[in-house]
Amino acid sequence: MSAPENKRRAFLAAVGAVAVAPGISLIAPSQAGTAASSAVRFGMLVDTTKCSPGCDACVKACAAENGLVEPIADLRQGSQWIRKIDLVDTATGRQHSLPMMCQHCAKPPCVDVCPTGASFKRADGIVLVDRHICIGCRYCMMACPYKARSFVHQPLTTQNPEVPRGLGCVEACTFCVQRTDRGLAPACADACPQGAMLFGDLNDPQSAIAKRLKEVATTQVRADLKLGTGVRYQGI
Amino acid sequence: MARVLTLLASLVLALPFQVHAGEVAKPAVKIENPDTQCVAPAEEMRRNHMEVLQHQRNRTLRLGERGAKVSLNGCIECHASKTNGSVIGGKDNFCEACHAYAAVKLDCWDCHQPKAGYKAAAVAQPSGENK
Ligand code: SF4
């Protein structure tokens, strides 16, 4: 690790000590002109014991941040970057709820199947679609075990400037890459009133998420597929 | 005879084009902020803006490089028309003026927001049936 990066870490640790607003996790912002670093592996821990069934604050925050606001005639065609899932254990009757989105796999099947190279993984582990070369074949949608990707079926005019998206391309959760590059957590994590979504650098042993992962039992959804998901769940 | 006909035909075909070539007005590109300095001289931008933008789009998207000198949103903020707030929409708008003249299709705005300072109104998206 280079010296300036160490300095940045130290600075952020100091800021963290002064207690930032609750629920806001600071991460090292990418500096002007610097690329995403492979020393970082972004991930998220969802504490399902805190997530309440009726709440969709994360879904709303995602829609506002990423401009997923176009009116859709057929709801089945709407873009879904994050959705709420309610689970019931039929044997015990225990109910819980969780947000499901792109799991930002270490070995993403959507990247394997993409014929053009549009589906790709950034150095810091964020899985994205390069819409400049996506041909809309939707192979990646079929390949994703988490149903995380959506296809845009209609022309759009209401994109947010930092989140270009459009007709004929596949899209999914980006961990709000426009925010993470500025050192902010994704909009969903910031919006959760329960603080159930913890975002950060899995590779940094001092990060809140790495510390929590070391302490509590967490699960990868469909761990049997050995995809190395960046998103983990607690309490499922 | 055939040769004469061909010659005549090509003359007839060429004629209207030659007449028009002189008449089609060059696009009047309106510079909204003439006091500011573009990232490169106008002559260079005219010829190479597409290469510059393509190079940077790959660096930004695929490498995660932010804060570069060249940015499409930077272009929009400076060049959006003061009338409709956009770089497209009519022959007076910065991008469309030349692209209409040169008959080169603009794909950028299928995905990128052409309006300066735009913020999508936070209409709550129904989370769908596809739970
Ligand atoms: S829809 Fe686009 S991103 Fe997905 S596999 Fe096809 S070309 Fe790749």
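Predicted model only: the values in this text are computed from it and were never measured. (Residues numbered from 1 in each chain as written. Chains lettered and ligands numbered in written order. Predicted model: local features only at pLDDT ≥ 70, side-chain atom pairs only at ≥ 80, totals over all residues. Heavy atoms only, no water.)

### Re the interface of chain B and chain A
Part 1 of the argument: Facing the 28 residues of chain B at the interface are 47 residues of chain A.
Part 2 of the argument: Here chain B packs against chain A, burying approximately 3100 Å² in sum over the two surfaces, 49% of which is carbon and sulfur.
Part 3 of the argument: Between the two partners, chain B and chain A, sit 2 salt bridges.
Part 4 of the argument: Across the pair Arg66(B) and Asp181(A) runs a salt bridge, and its minimum N-O distance is 2.6 Å. (Contact = heavy atoms within 4.5 Å. Buried area = accessible area lost by both parts, 1.4 Å probe. Salt bridge = Lys/Arg side-chain N within 4 Å of Asp/Glu carboxyl O.)

### Thoughts on the site of the ligand
Part 1 of the argument: Near the ligand there are 14 residues, and of these Cys114(A), Cys134(A), Cys137(A), Arg138(A) and Cys140(A) occur at the shortest range.
Part 2 of the argument: Residue classes in the shell around the ligand are distributed as 10 nonpolar, 3 polar and 1 charged. (Near = heavy atom within 4 Å. Nonpolar A, V, L, I, M, F, W, Y, C, P; charged D, E, K, R; others polar.)

### With respect to helix H2 (residues 42-63) of chain B
Note on helix geometry: an α-helix contains 3.6 residues per turn, so any two residues three or four positions apart are oriented the same way.
Part 1 of the argument: Of all the bends in H2(B), the greatest, near 75°, is centred on Asn48(B).
Part 2 of the argument: Of the residues making up H2(B), those classed as buried are Met45(B), Gln56(B) and Leu61(B).
Part 3 of the argument: Summarising the contacts, the buried residues of H2(B) are in contact with strand E4 (119-121) and strand E5 (127-129) of chain A.
Part 4 of the argument: Count one or two residues on from H2(B) and you reach Gly64(B), which has phi positive near 75°. (Bend = angle between axes of the 7 residues up to and from the residue. Helix = DSSP H or I, 4+ residues; strand = E, 2+ residues; numbered from the N terminus. Buried < 20%, exposed > 50% of the residue type's maximum accessible area, 1.4 Å probe, protein only.)

### Let's talk about the packing of aromatic side chains
Part 1 of the argument: For the structure on display, the rule yields 2 aromatic pairs over all chains.
Part 2 of the argument: When the centroid spacing of 5.2 Å and the interplanar angle of 25° are considered together, the rings of Phe42(A) and Phe199(A) count as stacked. Residue Phe42(A) is located in strand E1 (residues 42-47), and its partner Phe199(A) is located in strand E8 (residues 197-201); the two are separated by 157 residues in the primary sequence.
Part 3 of the argument: We classify Phe42(A) as buried; its relative accessible area is 6%.
Part 4 of the argument: For Phe199(A), a relative accessible area of 2% puts it in the buried group.
Part 5 of the argument: Look at Phe175(A) and Phe199(A): their rings are 5.0 Å apart centre to centre, the planes differ by 80°, and that puts the pair in the edge-to-face class. Highlighted residues: Phe175(A) in the loop between strand E7 (170-171) and helix H5 (177-180) and Phe199(A) in strand E8, separated in sequence by 24 residues.
Part 6 of the argument: Sitting over the face of the ring of Phe151(A), Arg138(A) holds its NZ or CZ atom 3.7 Å from the ring centroid.
Part 7 of the argument: One cation-aromatic arrangement involves Arg62(B) over Phe120(A); the distance from NZ or CZ to the ring centre is 4.1 Å. (Phe/Tyr/Trp six-rings, centres within 6.5 Å; stacked < 30°, edge-to-face > 60°. Lys NZ or Arg CZ within 6 Å of the ring centre and 35° of its normal.)

### Looking at the confidence of the model for chain B
Residues and elements named next belong to chain B.
Part 1 of the argument: For chain B, mean pLDDT is 82; residues scoring 70 or higher make up 76% of the total.
Part 2 of the argument: pLDDT under 50 marks residues 124-131. Its contacts with residues more than four places away, or in other chains, come to 20 contacts.
Part 3 of the argument: ipTM for the predicted complex: 0.83, alongside a pTM of 0.83. (pLDDT = per-residue confidence, 0-100.)

### Considering the pairing of strand E2 (residues 82-88) of chain A
All names here are of chain A.
Part 1 of the argument: Pairing between E2 and strand E3 (residues 95-101): 7 bridges, direction antiparallel. By the bridge assignment for E3, valine 88 is matched with glutamine 95.
Part 2 of the argument: Hairpin connection from E2 to E3: 6 residues lie between these consecutive antiparallel strands, with glycine 93 at a positive phi of about 80°. (Pairing = 2+ DSSP bridges.)

### Here's the deal with the state of the cysteines
Residue and element names in this part refer to chain A.
Part 1 of the argument: Tallying each qualifying case throughout the model produces 0 disulfides over all chains.
Part 2 of the argument: Left unpaired, cysteine 169 is separated from the closest cysteine sulfur, that of cysteine 134, by 4.4 Å.
Part 3 of the argument: For cysteine 169, a relative accessible area of 6% corresponds to the buried category. (Disulfide = S-S within 2.5 Å.)

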